[in-house]
Amino acid sequence: MRAAEPTSKTSPDLPSPAEISARLLPWFDAHNRTELPWRRPGTTAWGVLVSEVMSQQTQVARAAPVWEAWMARWPTPADLADAPTADVLREWGRMGYPRRALRLQECARIVATEHGGVVPADPAELEKLPGIGVYTAAAVAVFHYGRRHAVVDTNVRRVVARLGGQSDAGTATTKADLAAAASLLPEDAPTAARVSVALMELGALVCTARKPECGTCPVSDTCGFSGQEVPAGPSRKRQRYKGTNRHVRGEVMALLRDADEPVERARIDAVWPDARMLDEAVSQLIAEGLIGTDESGRFELPSQ
């Protein structure tokens, strides 16, 4: 979909691409988080893809040091493709959802063998890779290759909704969200790419969920929600972890990551007092390929 001409509004509710660019980009140049390691000059498309997968369901501050260790050890898809899977899971550490590590290694093998080691620039091709959805595909195409695509995460959805006069967006990204974000992008692809990342940064740093800082927002004079209070709603409690299935799985994985050799079932049993929960967690981890057993029935991380 082509955006409207820069001199006119793209929608009665949203500012034009020219208005957004003129206000947002100078702010972004002054305030963007250049300390994020994947924003360093020279970061490859592979590095961007790894950063996006690691940042799913994980705080950026936790993902950053793991990303640096990964990229130092496996700087190319071929490097990760050839790595022992046990080493990959150990390097993933306690970031959670370790299936992401397996999907990244699967991606690496496909990129290395089917794409000559070059991460595709086309979102449609990127979405064919294991575990890569619409958001991550667009992020790689935009953040590394400088393409013109809407990159819509929770922060961008909130910013776009508020620009249009709403207090917040819905619970899931829709085609309407993608179209609304795309309508804010100028036609020039490199500029559009900068606007995409700037919208995300604005939502992360200024236009936050509960306490938007409208007084310091660079687009407040074109925002339909500027100066209004965020309506009170149900408290958003952090998802419980302690005592959950994820907790049990995490303890089993931690034991095996730290072990120098396969471990007996008795050591597995010692990590959690509830036998039913432990059996369920172990069965899931085996089914997902995250742990295995040797010839003696001892437990270990997968070798391949």
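As the structure is a computational prediction, the values presented were derived from the model and not from experiment.

(A) Highlighting the overall build of the protein. Of the regular secondary structure elements, the protein holds 14 helices and two strands. Residue pairs in contact within the protein that sit at least 24 positions apart in sequence constitute 64% of those at least 6 positions apart. On the protein, roughly 15,200 Å² of surface is accessible, and the fraction owed to carbon and sulfur atoms is 51%. Each charge sign in the protein was given a centre, from 36 positive and 38 negative side chains, and these centres are 5 Å apart.

(B) Broad picture of the UniProt feature "domain: HhH-GPD" (unreviewed entry) in the protein. Taking the UniProt record as the reference, the feature "domain: HhH-GPD" (unreviewed entry) is found at residues 54–205. With 61% helix and 0% strand, the stretch residues 54–205 has end C-alpha atoms that lie 20 Å from each other.

(C) Representation of the state of the cysteines in the model. Counted by the stated rule, this structure contains zero disulfides. The thiol of Cys214 is unpaired, and the distance to the nearest cysteine sulfur, on Cys223, comes to 6.4 Å.

(D) Here's a closer look at unusual backbone geometry. With phi around 60°, Gln57 is a residue other than glycine that occupies positive phi space. With relative accessibility at 58%, the residue Gln57 sits in the exposed group. Positive phi, normally seen in glycine, also occurs at Tyr97, with a value near 50°. Note that Tyr97 resides in the loop between α5 (85–92) and α6 (99–114). We classify Tyr97 as partly exposed; its relative accessible area is 25%.

(E) Inspection of the packing of aromatic side chains at higher detail. Counted under the stated rule, the structure contains three aromatic pairs. Judged by centre distance (5.8 Å) and plane angle (80°), the ring pair of Trp38 and Trp67 falls under edge-to-face. One end of the pair, Trp38, is in the loop between α1 (17–31) and α2 (45–54); the other, Trp67, is in helix α3 (residues 60–73), and 29 residues separate them in sequence. With a relative accessible area of 6%, Trp67 lands in the buried category. By way of ring pairs, the aromatic residues Trp70, Trp74 and Trp92 are connected into one cluster.

(F) Structural view of the environment of Lys175. If you trace the backbone, Lys175 turns up in helix α10 (residues 175–182). For the pair formed by Lys175 and Pro26, sequence separation is 149 residues and the distance between their alpha carbons is 29 Å.

(G) Geometry of the nonpolar core. Among the nonpolar cores identified, the biggest contains 54 residues, and Trp46, Leu49, Met54, Trp70, Leu104, Ile268 and Ile291 are the most heavily contacted of them. Every element with two or more residues in this core is listed here: α2, α3, α4 (77–81), α5, α6, α8 (134–143), α12 (245–258) and α14 (275–287). The element best represented in this core is α2, accounting for seven residues. Judged by nonpolar contacts, the second largest core, of 35 residues, contains Ala181, Leu185, Ala192 and Cys207.

(H) The packing of helix α9 (residues 154–163) against helix α11 (residues 189–205), seen in detail. Between α9 and α11, the least distance of the axes is 8 Å, while the angle of their chain directions is 90°. With respect to α11, the element α9 is oriented roughly perpendicular. Each of Asn155, Val156, Arg158 and Val159 in α9 lies in contact with α11, whose residues at this interface are Leu199, Met200, Leu202, Gly203 and Ala204. Classifying every residue of the contact of α9 with α11 gives six nonpolar, two polar and one charged.

(I) Spatial organisation of the side chain of Glu201. Tracing the sequence through the fold places Glu201 in helix α11. Polar side-chain contacts of Glu201 include one of 2.9 Å to the side chain of Arg39. Discounting chain neighbours no more than four positions away, the residues touching Glu201 are Trp27, Phe28, His31, Asn32, Arg33, Arg39 and Val206.

(J) Up close: α3. The first and last C-alpha atoms of α3 sit 20 Å apart over 14 residues, in line with the 20 Å expected at 1.5 Å per residue. Of all the residues in α3, the buried ones are Ala63, Ala64, Val66, Trp67, Trp70 and Met71.

Cut-offs and rules
- Residues numbered from 1 in each chain as written.
- Predicted model: local features only at pLDDT ≥ 70, side-chain atom pairs only at ≥ 80, totals over all residues.
- Heavy atoms only, no water.
- Helix = DSSP H or I, 4+ residues; strand = E, 2+ residues; numbered from the N terminus.
- Contact = heavy atoms within 4.5 Å.
- Areas by Shrake-Rupley, 256 points an atom, 1.4 Å probe, with all protein chains shown as cover.
- Lys, Arg positive; Asp, Glu negative; His and termini not counted.
- Charge placed at Lys NZ, Arg CZ, Asp CG, Glu CD.
- UniProt positions renumbered as here; feature names shortened; annotations may be inferred.
- Disulfide = S-S within 2.5 Å.
- Buried < 20%, exposed > 50% of the residue type's maximum accessible area, 1.4 Å probe, protein only.
- Phe/Tyr/Trp six-rings, centres within 6.5 Å; stacked < 30°, edge-to-face > 60°.
- Core = buried A, V, L, I, M, F, W, Y, C linked by side-chain atoms within 4.5 Å.
- Axes fitted to C-alpha atoms, helices over the stretch in contact; angles between N-to-C directions.
- Parallel < 35°, antiparallel > 145°, perpendicular 65-115°, else oblique.
- Nonpolar A, V, L, I, M, F, W, Y, C, P; charged D, E, K, R; others polar.
- Polar contact = N/O pair within 3.5 Å; in protein donor to acceptor, adjacent residues only side chain to side chain.
- Expected span 1.5 Å × (residues − 1).

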